[in-house]
There are 2 protein chains.
Amino acid sequence: MRYKKFLAERASWIKGSALAEVMKKASELQSRGVKLISLAAGDPDPKLIPREVLGGLTGEILRGIPASVMYTPANGLPELREEIAGFLRKYESIDTSPDEIIITIGGTGALDLLGRVLIDPGDVVITENPSYINTLLAFEQLGAKVEGVPVDEDGIKTEILEEKIRKIISRGQKLKFIYTIPTGQNPTGVTMSEERRKALLEIASEHDILIIEDAAYNFMKYEDREIKPLKALDKEGRVVVTGTLSKVLGTGFRVGWVIAEGELRDKVLMEKSPIDFCAPTISQYIALEYLKRGYFEKYHLKVGLPGYREKKDAMISSLKEYLPGAEFTVPIAGMFIMLFLPENADGMAFARELMERKGVVVVPGKPFYTDESGRNAIRLNFSRPSREEIEEGIRKLAELYKERF
Amino acid sequence: MRYKKFLAERASWIKGSALAEVMKKASELQSRGVKLISLAAGDPDPKLIPREVLGGLTGEILRGIPASVMYTPANGLPELREEIAGFLRKYESIDTSPDEIIITIGGTGALDLLGRVLIDPGDVVITENPSYINTLLAFEQLGAKVEGVPVDEDGIKTEILEEKIRKIISRGQKLKFIYTIPTGQNPTGVTMSEERRKALLEIASEHDILIIEDAAYNFMKYEDREIKPLKALDKEGRVVVTGTLSKVLGTGFRVGWVIAEGELRDKVLMEKSPIDFCAPTISQYIALEYLKRGYFEKYHLKVGLPGYREKKDAMISSLKEYLPGAEFTVPIAGMFIMLFLPENADGMAFARELMERKGVVVVPGKPFYTDESGRNAIRLNFSRPSREEIEEGIRKLAELYKERF
């Protein structure tokens, strides 16, 4: 049967993800028995997650709490929203109330819901350039035109942002929000400076635009100083936060949240109720107990985070050792380093060859860019592979690099 | 801050759910210490779910499988898709392949995805009248105009369906699919006869329309004879199935699926990848082990189902005893009975009074209807309450009934 005629016009806005293609190709190779080293994932390390503890906890929950197998309210377990409000106050300096928190199916679910209530087809959305490919795709699926503003080591370039906003407004286009990942950005690993954060807030205020702050990597910070999220600096309710425990508990649990106020919160909740009911209930109870029992401190801050810091440092050392002089970002948060091949090099071709000839999987940077730049960028993940894999992966990458350039 | 100006036009299509309002009101009363009997839920009974077994299983999974805390592929764990294909072959006579199965976040997630790739604003969608309120809301949120076709004890009235289709086509409107819950329909509890199933397939074929078969209640059948799903009768690939284990494992696990072929499957998967990544991973592993170990037979068919059958029979007995002569549906599947108050009675007012004065929560039928009919309908759930609660709830309902009519 031919299904094409039934598809909605909006289905033509759906694009495949280059990320999904890399992963598919890699799993094809693996299923043929090829051993690969992956520096491609966007995952934390299952070895740094206390699975033993989570296993015990989950057994306890399922046995002890009948409601743990049932729906929760659409905005999430009240006790969990309460706990998260306290957690965000303590670790993020965010002053919010349980009423402004809606528990979502991961941070991804939060972003999709916001897109659904904010984006009309043809609306312009400003993002960092590059930015997280799946969010770009998600917004484009809703009919958004995505315009990127370049990023340097201090985050989004706010001067260019302001120019861009004026241009969009002068063209008569609708611009509702700026989407940003200020801390440990995906894919660059860059963290926005406080000065830029303040400038961004001022610009958004001046032009009356919302900011969606994707805080996915806020619990993967490798320096001791406090990095205040935009929301903690926001006095107007202009910043809408999407957050997640994916990097703490593991990506499979699907517990995230949106922090929104007033009519926006109401609409998100009304949109959500009939389409996803609730985030997975056991995951919500696991999150609740994990936070309540102080496991964030005990397991994530004291065990997980030092492990990720070590792996980040190992990747930087390997890059310096094997690719002296190469350009790459040096993150203070997140899970990624962006490596730049020589100008005009084709990162897509390089990544393909690296996988096929050296058995090392990386993600080309190009698909994360909103324009034709970034052809030579390669996104490297250090959180999931072991230190040995990092060392070997970068060594092999350097071999190919030297053959090609 | 005023958020209204930022909202998308489509946000005006979002309507509140009368169901959500009933539940909210009920939980307000409960939080004030009022003891309520609820015949309102759309849940199975946590006492009939082997939570002890699931608890042990989950502990095993989290401890033993590092991947259980990570993302799965967007279409779900390959082993689970394989297992479900076999399961559907065995219990549903559906001949499908793992490739045509996409694991979704509950059946609700499956319906939303289908709506997203099929519905353009202004498209007409045909549903049963009444039909499941949250699906109606979900389709309306996407801009669909919902048109209902009445249901009797044999399911959707196919003659009226055909008239309705001709009318829609002659008006030049786009009609892409018919949404139906053929077995244990929500809210009526009615199961479509085989004759009507065949007629429905013929009509859809003649007018070249897709059918979305919501199989949410297919594992809650109370008669021994086989009731073949539409998909098992479909020779053209015209039927797209949404299914779920929510009524088997519990609603909180959020594991469902869509069965779709060719380009439709591809588009659903592409739409899904950036917006929900994957159904919760532990839930997918729990579902896998539950099916693989034969627990569906051991716990659901042998323990759960007989328990639900008893409760259904208890509710029917109570209705006959306390409300002799009242009209209600007699289900052979599902979790609901539809009770009809005397003609012209106001079911919304009755439900409100019943909750406030008698402490019994029911869901008014009206919001499930696509037109002004059903004012006098009341949806009763028998799967969640205990037999004692059913008896007491119906007795109290009858008290108010006799006061009012």
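Residues numbered from 1 in each chain as written. Chains lettered and ligands numbered in written order. Predicted model: local features only at pLDDT ≥ 70, side-chain atom pairs only at ≥ 80, totals over all residues.

Visitor: Explain the overall build of chain A to me, and be specific about the residues and the numbers.
Guide: Counting its secondary structure elements, chain A contains 14 helices and 14 strands. In terms of C-alpha radius of gyration, chain A reaches 21 Å, essentially the compact-globule figure of 22 Å for 405 residues. Along the first, second and third principal axes, the C-alpha set of chain A runs to 60 × 60 × 55 Å. Sequence separation of 24 or more characterises 76% of the internal contacts of chain A that already satisfy a separation of 6 or more. (Helix = DSSP H or I, 4+ residues; strand = E, 2+ residues; numbered from the N terminus. Rg over C-alpha atoms; globule rule 2.2 N^0.38 Å. Contact = placed C-beta atoms within 7 Å.)

Visitor: Which residues make up helix α10 (residues 262–276) of chain A, and what values go with them?
Guide: Residue and element names in this part refer to chain A. For α10, built from 15 residues, the straight-helix expectation of 21 Å at 1.5 Å per residue is met to within 8% by its first-to-last C-alpha distance of 21 Å. Where α10 is concerned, the buried positions are Leu264, Lys267, Val268, Leu269, Glu271, Lys272, Ser273, Pro274, Ile275 and Asp276. Backbone geometry just after α10 places phenylalanine 277 at a positive phi near 60°. (Expected span 1.5 Å × (residues − 1). Buried ≥ 20, exposed ≤ 12 C-beta atoms within 10 Å, placed from the backbone.)

Visitor: Tell me about the domain arrangement of chain A, residues and numbers included.
Guide: Residue and element names in this part refer to chain A. Structurally, chain A comprises domain 1 (4–49 + 297–404) and domain 2 (70–295). One C-alpha centre belongs to domain 1, the other to domain 2; they are set 24 Å apart. Every contact between the two is made by 36 residues of domain 1 and, on the other side, 37 residues of domain 2. Breaking the side of domain 1 that touches domain 2 down by element, the ones donating at least two residues are α12 (295–322) and β11 (336–340). (Domains from an automatic or database assignment.)

Visitor: Run through the sheet that holds strand β10 (residues 327–328) of chain B, naming residues and quoting values.
Guide: Residue and element names in this part refer to chain B. Sheet architecture is open: 4 strands sit in the order β10-β11-β14-β13, paired in antiparallel fashion. Looking at the sheet topology across the chains shown, the edges are occupied by β10 and β13 (363–364). Pairing of β13 with strand β14 (residues 377–381), which is carried by 2 bridges, proceeds in the antiparallel orientation. When the bridges of β14 are listed, valine 363 appears paired with arginine 379. (Pairing = 2+ DSSP bridges.)

Visitor: Go over the environment of valine 239 of chain A with me, naming the residues and quoting the values.
Guide: Inspection of the secondary structure puts valine 239 of chain A in strand β8 (residues 239–244). Along the primary structure valine 239 of chain A and proline 229 of chain A are separated by 10 residues, whereas in three dimensions their C-alpha atoms are 9.8 Å apart.

Visitor: Requested: an account of the pairing of strand β4 (residues 145–152) of chain A, with residues and values cited.
Guide: All names here are of chain A. Where strand β3 (residues 124–129) meets β4, 6 bridges bridge the pair, whose relative direction is parallel. Counted as the bridge partner of glutamate 128 is valine 149 from β4. Pairing of β4 with strand β5 (residues 155–156), which is carried by 2 bridges, proceeds in the antiparallel orientation. Each residue of the ladder has a partner; that of valine 151, found in β5, is isoleucine 156. Linking β4 to β5, which pair antiparallel, is a turn of 2 residues.

Visitor: How would you summarise the relation of the copies chain B and chain A if you had to cite specific residues and measurements?
Guide: In screw terms, the move from chain B to chain A is a rotation of 180° and a rise of 0.0 Å along the axis, fitting with an RMSD of 0.0 Å. Both copies of the chain, as the preceding transformation shows, are related through a two-fold rotation axis. Considering only C-alpha atoms, the part of chain B nearest the rotation axis is glycine 59 of chain B, at 2.8 Å. Residue by residue, 100% of the interface of chain B is reproduced at the interface of chain A, so both copies engage with the same surface. (Least-squares fit on C-alpha atoms with pLDDT ≥ 70 in both.)

Visitor: Help me get a handle on the interface of chain B and chain A, residues and values and all.
Guide: With 70 residues of chain B at the contact, the number on the chain A side is 70 residues. Going through the elements one at a time, α2 (51–64), α4 (106–118), α5 (133–141), α10 (262–276) and α11 (281–292) of chain B are the ones with two or more residues in the side of chain B that touches chain A. With 10 residues, α10 of chain B is the single largest residue contributor to the side of chain B that touches chain A. Partitioned by chemical class, the residues of the side of chain B that touches chain A number 32 nonpolar, 21 polar and 17 charged. (Nonpolar A, V, L, I, M, F, W, Y, C, P; charged D, E, K, R; others polar.)

Visitor: An account of the packing of helix α13 (residues 347–358) of chain A against helix α14 (residues 387–404) of chain A is needed here, citing residue identities and associated values.
Guide: All names here are of chain A. Between α13 and α14, the least distance of the axes is 10 Å, while the angle of their chain directions is 120°. The orientation of α13 with respect to α14, classified from their angle, is oblique. Once α13 is placed against α14, the crossing between them reads as right-handed. Between α13, through Phe350, Glu353, Leu354, Arg357 and Lys358, and α14, the contact on the second element is made entirely by Lys396, Leu397, Glu399, Leu400 and Arg404. Partitioning the contact of α13 with α14 into residue classes produces 4 nonpolar, no polar and 6 charged. (Axes fitted to C-alpha atoms, helices over the stretch in contact; angles between N-to-C directions. Parallel < 35°, antiparallel > 145°, perpendicular 65-115°, else oblique. Left-handed = near helix turned anticlockwise from the far one by under 90°.)

Visitor: Describe helix α7 (residues 194–206) of chain A, listing the residues and the values that go with them.
Guide: All names here are of chain A. Under the 1.5 Å per step criterion, the end-to-end length of α7 is 18 Å for 13 residues, consistent within 8% with the ideal 18 Å. Among all positions in α7, only Arg196, Arg197, Leu200 and Ala204 are buried. Along the axis of α7, the buried positions cluster into a sector of 105°, meaning they face one direction only. Within α7, the exposed residues directed more than 90 degrees away from the buried face are Glu195, Glu202 and Glu206. Packing partners of the buried residues in α7 comprise β5, α6 (158–170), β6 (175–180), β7 (210–214) and α8 (230–233). Downstream of α7 by a residue or two, aspartate 208 has a phi angle that is positive, lying close to 55°. (Arc of directions from axis to C-beta.)

Visitor: Lay out the nonpolar core in plain terms, naming residues and giving numbers.
Guide: Counting residues in hydrophobic clusters, the biggest one holds 252 residues, and the most contacted among them are Val258 of chain A together with Val258 of chain B. Not counting the four nearest positions on each side in its chain, valine 258 of chain B is found in contact with Ile102, Thr104, Ala110, Leu113, Leu114, Val240, Val241, Thr242 and Val268 of chain B. (Core = buried A, V, L, I, M, F, W, Y, C linked by C-beta atoms within 7 Å.)

Visitor: Pulling in residues and values, what's your account of the packing of helix α12 (residues 295–322) of chain B against helix α14 (residues 387–404) of chain B?
Guide: Residues and elements named next belong to chain B. The N-to-C vectors of α12 and α14 enclose an angle of 25°; their axes lie 9 Å apart at closest approach. Looking at the two axes, α12 sits roughly parallel to α14. Crossing of α12 over α14 shows right-handed handedness. Side by side, α12 and α14 meet where Glu310, Lys311, Ala314, Met315, Ser318, Leu319 and Tyr322 of the first sit next to Arg387, Ile390, Glu391, Ile394, Arg395 and Ala398 of the second.

Visitor: Account for the environment of proline 364 of chain A, with residues named and values stated.
Guide: All names here are of chain A. Structurally, proline 364 is set in strand β13 (residues 363–364). Between the C-alpha atoms of proline 364 and serine 193, which are 171 residues apart in sequence, the distance is 26 Å. Not counting residues within four places of it along the chain, the set of residues in contact with proline 364 comprises Ala18, Gly347, Met348, Ala351 and Ile378.

Visitor: I'd love a proper account of unusual backbone geometry, names of residues and values included.
Guide: Residues and elements named next belong to chain A. Omega for the bond connecting asparagine 129 with proline 130 falls within 30 degrees of zero, at 5°, which places this linkage in the cis form. A positive phi is found at serine 93, a non-glycine position, where the angle reads about 55°. Among the structural elements, serine 93 can be located in the loop between α3 (78–92) and β2 (101–104). C-beta crowding within 10 Å serves as the criterion here: with 14 such atoms nearby, serine 93 is assigned to the partly exposed category. The backbone phi angle of asparagine 344 is positive, close to 70°, even though this residue is not glycine. Among the structural elements, asparagine 344 can be located in the loop between β11 and α13. Given 7 C-beta atoms within a 10 Å radius, asparagine 344 is considered exposed.

Visitor: Give me the lowdown on the sheet that holds β13 of chain A, citing residues and values where you can.
Guide: Residues and elements named next belong to chain A. Ordered in space as β10-β11-β14-β13, the 4 strands form an open sheet in which the pairing is antiparallel. Edge positions in the open sheet fall to β10 (327–328) and β13, since each of these has one partner strand only. As paired elements, β11 and strand β14 (residues 377–381) share 5 bridges and run antiparallel to each other. Residue pairing across strands places phenylalanine 336 opposite asparagine 381, the latter belonging to β14.

Visitor: Which residues make up the pairing of strand β6 (residues 175–180) of chain B, and what are the values?
Guide: All names here are of chain B. Among the 6 residues that make up β6, 6 are buried, leaving the element largely enclosed by the rest of the structure. Alignment of strand β3 (residues 124–129) against β6, held across 4 bridges, turns out to be parallel. Note that in β6 the partner of valine 124 across the bridge is leucine 175. Bridge count for β6 against strand β7 (residues 210–214) is 4 bridges, and the pairing is parallel. The residue of β7 that forms the bridge with threonine 180 is glutamate 213.

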